[in-house]
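Residues per chain, in single letters:
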Amino acid sequence: MGALLPESVQRMNAAKNLLTLIVNIVAAVGYTLVAWDRISWPVAGLIAVGSLIGGLLGARYGRRLSPGALRATIVVVGLIGLYRLLAV
């Protein structure tokens with residue numbers, strides 16, 4: 001998104017979070033309709049609460065960070081995720 005949009009890093013991060021929310025809602029509704037009996041609702045509830053808290057905290061602190069610090073944080077988190085994905 002950073003290469004294609006002439007917006008600040010904070011605005012692109014907000015747009016990314018909104019798009020992620022929409023995709024996750026569509027996926028959750030679809031999975032709920034197809035596999036209601038295979039969902040562990042306590043686990044789904046914990047994931048939902050954790051995602052909500054993480055999203056709120058991320059938005060709060062993401063707005064306060066300088067564009068360089070936010071970009072560095074995004075790169076570090078992305079690299080950690082890539083390492084975890086490939087190391088398993």
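Report on the accompanying structure. (Residues numbered from 1 in each chain as written. Predicted model: local features only at pLDDT ≥ 70, side-chain atom pairs only at ≥ 80, totals over all residues. Heavy atoms only, no water.)

1. Some thoughts on the packing of aromatic side chains
A full pass over the atoms with the stated rule returns one aromatic pair. Ring centres 4.8 Å apart and planes at 50 degrees place the aromatic pair Trp 36 and Trp 41 in the tilted group. Given the relative accessible area of 54%, Trp 36 is considered exposed. (Phe/Tyr/Trp six-rings, centres within 6.5 Å; stacked < 30°, edge-to-face > 60°. Buried < 20%, exposed > 50% of the residue type's maximum accessible area, 1.4 Å probe, protein only.)

2. A word on the packing of helix α1 (residues 9-34) against helix α3 (residues 67-87)
Helix packing geometry: the angle between the two helix axes and the distance between the axes. Between α1 and α3, the least distance of the axes is 9 Å, while the angle of their chain directions is 40 degrees. Between α1 and α3, the interaxial angle falls into the category oblique. Residues Val 9, Gln 10 and Asn 13 of α1 form the contact with α3, whose participating residues are Pro 67, Leu 70, Arg 71 and Ile 74. For the contact of α1 with α3, the class distribution of residues is four nonpolar, two polar and one charged. (Axes fitted to C-alpha atoms, helices over the stretch in contact; angles between N-to-C directions. Helix = DSSP H or I, 4+ residues; strand = E, 2+ residues; numbered from the N terminus. Parallel < 35°, antiparallel > 145°, perpendicular 65-115°, else oblique. Contact = heavy atoms within 4.5 Å. Nonpolar A, V, L, I, M, F, W, Y, C, P; charged D, E, K, R; others polar.)

3. Some details on α1
Here α1 spans 37 Å end to end across 26 residues, near enough to the 38 Å set by a 1.5 Å rise per residue. Residues of α1 that are buried: Val 9, Gln 10, Met 12 and Asn 13. Residues of α1 that are buried make contact with α2 (41-64) and α3. (Expected span 1.5 Å × (residues − 1).)

4. Looking at the layout of surface pockets
Of the pockets and cavities examined, the largest pocket occupies roughly 760 Å³. In terms of lining, the largest pocket is formed by 22 residues, of which the most central are Leu 21, Asn 24, Ala 48, Ser 51 and Leu 52. If you list the elements that add at least two residues to the lining of the largest pocket, you get α1 and α2. Split into classes, the residues belonging to the lining of the largest pocket amount to 14 nonpolar, seven polar and one charged. (1 Å grid on protein atoms, 1.4 Å probe; cavity = no way out; pocket = protein on both sides within 12 Å on 5 of 7 lines; lining within 4 Å. Points joined across faces, edges and corners; volume = space filled by probe spheres on them.)

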